[in-house]
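Next come the chains, spelled out residue by residue.
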Amino acid sequence: MQQEQAMTLRDVPVGSGARVLKLAGEGALKRHIMDMGITKGVEVHVRKAAPLGDPIEVTVRGYELSLRKNEAESVLVALLS
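Residues numbered from 1 in each chain as written. Predicted model: local features only at pLDDT ≥ 70, side-chain atom pairs only at ≥ 80, totals over all residues. Heavy atoms only, no water.

### Concerning the overall build of the protein
When helices and strands are tallied, the protein shows 2 helices and 6 strands. Secondary structure elements in the protein, listed N-terminal to C-terminal, are β-β-α-β-β-β-α-β. For the protein, the C-alpha radius of gyration of 12 Å lies close to 12 Å, the compact-globule estimate for 81 residues. Across its three principal directions, the C-alpha atoms of the protein cover 35 × 30 × 20 Å. Looking at the protein as a whole, 35% of its 81 residues are labelled buried. In the form shown here, the protein has an accessible surface area of approximately 5100 Å², with 50% of it arising from carbon and sulfur atoms. Of the side-chain charges in the protein, 11 are positive and 10 negative, and the distance between the mean point of each set is 2 Å. (Helix = DSSP H or I, 4+ residues; strand = E, 2+ residues; numbered from the N terminus. Rg over C-alpha atoms; globule rule 2.2 N^0.38 Å. Buried < 20%, exposed > 50% of the residue type's maximum accessible area, 1.4 Å probe, protein only. Areas by Shrake-Rupley, 256 points an atom, 1.4 Å probe, with all protein chains shown as cover. Lys, Arg positive; Asp, Glu negative; His and termini not counted. Charge placed at Lys NZ, Arg CZ, Asp CG, Glu CD.)

Below you can see the structure in the form of structure tokens.
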């Protein structure tokens, strides 16, 4: 089995999928991300990124979601192979 390499959701290339390992934020930011459906173990697919990288659009739990850079940086993920 391959070793998973951890990175933030912000670093996932457009067109790639990842599995959420951990939410690094605290308090209101962490709650906000969880309320959007991003929780440990869920698969996320990065669909698009704005020209300057903020925001990014991801598919999670069957719907599209836009995340700001600071939100995406607090989501630790492993790329799907």
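### Describing the nonpolar core
If you look at the biggest cluster of nonpolar residues, it comprises 20 residues, and the most contacted ones within it are Leu 9, Val 20, Ile 38, Val 58, Leu 67, Val 75 and Val 77. Of all the secondary-structure elements, those providing two or more residues to this core are strand E2 (17-23), strand E3 (43-49), strand E4 (56-60), strand E5 (63-67) and strand E6 (75-79). Excluding residues within four positions of it along the chain, Val 58 makes contact with Leu 9, Val 44, His 45, Val 46, Arg 47, Tyr 63, Glu 64, Leu 65 and Leu 67. (Core = buried A, V, L, I, M, F, W, Y, C linked by side-chain atoms within 4.5 Å. Contact = heavy atoms within 4.5 Å.)

### Concerning the side chain of Ser 74
Tracing the chain through its elements places Ser 74 in the loop between helix H2 (69-73) and E6. Relative accessible area serves as the criterion here: at 8%, Ser 74 is assigned to the buried category. A distance of 2.8 Å separates the side chain of Ser 74 from the backbone oxygen of Glu 71, its partner in a polar contact. With sequence-adjacent residues up to four places away left out, Ser 74 is seen in contact with Lys 22, Leu 23, Ala 24, Gly 25, Leu 29 and Ile 33. (Polar contact = N/O pair within 3.5 Å; in protein donor to acceptor, adjacent residues only side chain to side chain.)

### As for the environment of Lys 69
Mapped onto the elements of the fold, Lys 69 is located in helix H2. Residue classification places Lys 69 among the partly exposed residues on the basis of a relative accessible area of 25%. Distance in space between the C-alpha atoms of Lys 69 and Leu 52 is 10 Å, their sequence separation being 17 residues. If near-sequence neighbours (up to four positions away) are discounted, Lys 69 is found in contact with Arg 10, Leu 52, Gly 53 and Asp 54.

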